[in-house]
Amino acid sequence: MEILLEHGPATREEVAEYLQTYKGVKNVPSPNSISALMSKNPQVVIVGKQKVEMTIGINTHHMLFDIDRQVIKDKGDLILTRPISVMTPNERKSAIQCPSCGRTRIMPEQSDECLSCIRQ
Ligand SMILES: [Zn+2]
């Protein structure tokens, strides 16, 4: 998710390329599993399609993924909007259920509502 935040909208192939250039990422997921991961994650939205030329004359369209920028403005917001399924055990301990939307999130400081509810 940090990749989308820093680089802006990208296709799953571009995300895979970025991951490869990242140090410390040993097992880069395949473009297929990247797109599966991103479409399951509520932090990611599809912002359009990019025309990709496969061979001369044949074009295909790839979905462009981006961070939900209405809600997520900087890196700290990523943690506050993280779904419980991808939280670390420590994050899970400090997460509580949002009274407005019922989702389990880490709440922003001095707030009763989750970040998604505040920004929407
Ligand atoms: Zn909420």
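Procedures and definitions
- Residues numbered from 1 in each chain as written.
- Predicted model: local features only at pLDDT ≥ 70, side-chain atom pairs only at ≥ 80, totals over all residues.
- Helix = DSSP H or I, 4+ residues; strand = E, 2+ residues; numbered from the N terminus.
- Buried ≥ 20, exposed ≤ 12 C-beta atoms within 10 Å, placed from the backbone.
- Axes fitted to C-alpha atoms, helices over the stretch in contact; angles between N-to-C directions.
- Parallel < 35°, antiparallel > 145°, perpendicular 65-115°, else oblique.
- Contact = placed C-beta atoms within 7 Å.
- Nonpolar A, V, L, I, M, F, W, Y, C, P; charged D, E, K, R; others polar.
- Core = buried A, V, L, I, M, F, W, Y, C linked by C-beta atoms within 7 Å.
- Domains from an automatic or database assignment.
- Pairing = 2+ DSSP bridges.
- Arc of directions from axis to C-beta.

K.L.:
How do you make sense of the overall build of the protein chain when you look at a structure like this?
P.N.:
Counting secondary structure elements, the protein chain contains six helices and four strands. Along its sequence from the N terminus, the protein chain presents helices and strands in the succession α-α-α-β-β-α-α-β-β-α. Summarising its shape, the C-alpha atoms of the protein chain cover approximately 55 × 30 × 20 Å along the three principal directions. Counting the 120 residues in the protein chain, one finds 17% classified as buried.

K.L.:
Explanation requested: the packing of helix α2 (residues 12-21) against helix α3 (residues 31-40) in the structure shown.
P.N.:
For any two helices packed against each other, the geometry is given by the interaxial angle and the distance between the axes. Relative orientation of the contacting elements α2 and α3 amounts to 110°, with a least axis distance of 9 Å. As far as their axial angle goes, α3 and α2 are roughly perpendicular. Taking contact as the criterion, the partners of Arg12, Glu13, Val15 and Ala16 in α2 are, on α3, Pro31, Ile34, Ser35 and Met38. Taken together, the residues of the contact of α2 with α3 sort by class into five nonpolar, one polar and two charged.

K.L.:
Is there a simple way to explain the nonpolar core in this structure?
P.N.:
Taken as a class, soluble globular proteins show a tendency for nonpolar side chains to be buried jointly. Judged by nonpolar contacts, Met1, Leu4, Ala10, Val15, Ile34, Met38, Phe65, Ile67 and Ile72 together constitute the single largest core of nine residues. Broken down by secondary-structure element, the contributors of at least two residues to this core are α3 and β2 (58-67). When residues no more than four places from it in sequence are discounted, the contact partners of Met1 are Gln43, Ile67 and Leu78.

K.L.:
Which parts of the structure should I look at to understand the domain arrangement of the protein chain?
P.N.:
Accessible area lost on assembly of the parts is the figure often given for the size of an interface. Domains assigned within the protein chain are domain 1 (1-69) and domain 2 (74-120). Placing a centre on the C-alpha atoms of domain 1 and another on those of domain 2 gives a separation of 24 Å. Counting residues at the interface gives six residues for domain 1 and four residues for domain 2.

K.L.:
Teacher, can you tell me more about the environment of Gln70 here?
P.N.:
Relative to the helices and strands, Gln70 is located in the loop between β2 and α4 (75-80). With 50 residues separating them along the chain, Gln70 and Gln120 place their C-alpha atoms 7.5 Å apart. When near neighbours in sequence (up to four residues on either side) are disregarded, Gln70 contacts Arg119 and Gln120.

K.L.:
Would you mind showing me how to read the pairing of β2 here?
P.N.:
Two faces, one strand: in a regular strand the side chains alternate between the faces of the sheet. As defined by bridge partners, strand β1 (residues 44-55) adjoins β2 across ten bridges and the pair is classed as antiparallel. Along β2, the bridge assignment pairs Val45 with Asp66. Here β1 hands over to β2 after two residues, with Gly57 in that stretch at a positive phi of 90°.

K.L.:
Any chance you could explain α2 here in plain terms?
P.N.:
At 3.6 residues per turn, the α-helix brings residues three or four places apart onto the same side. Inspection of α2 places Arg12, Glu14 and Val15 among the buried residues, and these make up the whole buried set. For α2, the arc enclosing every buried residue in end-on projection is 155°, short of the 170-degree limit, so these residues lie on one face. Every exposed residue of α2 that faces more than 90 degrees away from the buried side is listed here: Gln20 and Thr21. On the buried face of α2, the contacting elements are α1 (2-7) and α3.

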